[in-house]
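Residues per chain are reported as follows:
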Amino acid sequence: MGMRIGHGPEISQCEWPESVTRMQGRNVRSGIPAFVEVSVHDGNVNTFIRRDSDDSVFAAEIAAFEAYRTYAACPGHAFERREWRNGAGVCERCKMWSPNVFEPLERCQECGAATYYSSFEGRFWCEMHDSLRPRRPFEFDPADVDDSSYSSAEFEEALSTILVAIASKGKE
Ligand SMILES: [Zn+2]
Ligand SMILES: [Zn+2]
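Calculation notes
Residues numbered from 1 in each chain as written. Chains lettered and ligands numbered in written order. Predicted model: local features only at pLDDT ≥ 70, side-chain atom pairs only at ≥ 80, totals over all residues. Helix = DSSP H or I, 4+ residues; strand = E, 2+ residues; numbered from the N terminus. Buried ≥ 20, exposed ≤ 12 C-beta atoms within 10 Å, placed from the backbone. Contact = placed C-beta atoms within 7 Å. Core = buried A, V, L, I, M, F, W, Y, C linked by C-beta atoms within 7 Å. Domains from an automatic or database assignment. Pairing = 2+ DSSP bridges. Axes fitted to C-alpha atoms, helices over the stretch in contact; angles between N-to-C directions.

Engineer: Break down the overall build of the chain for me, citing the residues and quoting the values.
Structural biologist: A count of helices and strands for the chain gives two helices and eight strands. Along the chain, helices and strands appear, N-terminal first, in the series β-β-β-α-β-β-β-β-β-α. Put simply, the chain has 172 residues, and 26% of those count as buried. Taking as baseline every contact in the chain between residues at least 6 positions apart, the subset at least 24 positions apart corresponds to 28%.

Here it is as C-alpha cells:
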C-alpha cells in the first residue's frame, strides 16, 4: 500500500509485493479509458500486467491485481512458447506471459549462441558480439527538436504502448 501510480496523484489500493518495479497509470480522459501497468517479479510471478478500465485507474488496478493473484496461485507454471522467439512463454494454466523462460530461438551471427540480444534485418547478435552488428545511419537531426515540447510523461506513455503490444502478443 501507499505506492504512487505513475506520476499522478493516485495511490495504489492493492497489496502489491514490494518487488513491484514499475507502476504506471492514467485516469479516464475524454474517450480514453483508464489503465494500470505493472511489472511484477515476485516468487513465481515474473511478468508485465496491463489492464484498462472505462471507470477509473483504481478499477484498472484491481483488475491487474486479480491477474497477479491468479498467477501467484498457479500450482506450477507450464510454459508454452507459442509464437514467441525471444524466450518468452505463456503458462497454459494461469495464462501468465513471462520473459526468459526458454532459450531464445535466434542464434548469434558470430558465435551461434542462442540469443535475442540485438538484431539487424532479421539477423541476431549476442551481447558479447553486439558491437559487430551493422548500425543504421543516424537520421535524427537535433536542429528539429524543440526542447520545450519534450515530456517524459508522453515518452513513458509511448513506451508503455510498445510494452503492451509486446505483452499482449502472447495472449489469445
Ligand atoms: Zn501458471
Ligand atoms: Zn555471439
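Engineer: Let's hear about the nonpolar core: which residues, and what values?
Structural biologist: Core analysis: the largest hydrophobic core is formed by 24 residues, its most contacted members being Val36, Ile49, Ala64 and Tyr68. Secondary-structure elements contributing two or more residues to this core are strand E2 (34-42), strand E3 (45-53), helix H1 (57-72) and strand E5 (89-91). No other element matches H1, which puts seven residues into this core. Counting the residues that make up this core, at least three belong to each of domain 1 (1-73) and domain 2 (75-139 + 162-172). Excluding residues that lie within four positions of it along the chain, alanine 64 makes contacts with Val36, Val38, Ile49 and Arg51. Within the second largest apolar cluster, five residues are counted, among which are Cys108, Tyr116, Trp125 and Cys126.

Engineer: Describe the environment of alanine 88, and please don't skip the residues or the numbers.
Structural biologist: The topology assignment puts alanine 88 in the loop between strand E4 (79-80) and E5. On the neighbour-count criterion, alanine 88 (23 C-beta atoms within 10 Å) is buried. Along the chain, alanine 88 and proline 104 lie 16 residues apart, while their C-alpha atoms are 7.9 Å from each other.

Engineer: Just give me the short version of the pairing of E3, but keep the residues and values in it.
Structural biologist: In terms of residue burial, E3 counts as a mostly covered element, since seven of its nine residues are buried. Across nine bridges, the pairing between E2 and E3 is antiparallel. Paired with histidine 41 across the strands is asparagine 46, a residue of E3. In this antiparallel pair of consecutive strands, E2 and E3, the connection spans two residues, and glycine 43 shows a positive phi of 55°.

Engineer: If you had to explain unusual backbone geometry to someone new, which residues and values would you point to?
Structural biologist: Here asparagine 100, not a glycine, exhibits a phi torsion of approximately 60°, which is positive. When you line up the elements, asparagine 100 lands in the loop between strand E6 (97-98) and strand E7 (118-120). The class for asparagine 100 is exposed, based on 12 C-beta atoms found within 10 Å. Positioned with a positive phi, glutamate 121 is a non-glycine residue whose angle comes to about 50°.

Engineer: Quick rundown of the pairing of strand E1 (residues 22-26)? Include the residues and the values.
Structural biologist: Extensive coverage of E1 is indicated by the burial of four of its five residues. Looking at chain direction, E1 and E2 are connected through five bridges and run antiparallel. Paired with methionine 23 across the strands is valine 38, a residue of E2.

Engineer: Give me the lowdown on the sheet that holds E2, citing residues and values where you can.
Structural biologist: With antiparallel pairing, three strands are arranged side by side in an open sheet as E1-E2-E3. Of all the strands in the sheet, just E1 and E3 have a single pairing partner and so form its edges. Each neighbouring strand pair of the sheet contributes to a mean axis angle of 10°, computed without reference to strand direction. The strands that H1 touches are E1, E2 and E3; relative to E3, the one it contacts most, it runs at about 150°.

Engineer: Describe the sheet that holds E5, and please don't skip the residues or the numbers.
Structural biologist: Paired through backbone hydrogen bonds, the strands of a sheet run either parallel or antiparallel to each other. A sheet is described by the order of its strands in space; here three strands give the open sequence E4-E5-E6, paired in antiparallel fashion. Looking along the sheet, the strands with just one partner apiece sit at the ends: E4 and E6. Pairing between E4 and E5: two bridges, direction antiparallel. Residue pairing for E5: glutamate 80 is matched across the bridge by valine 90.

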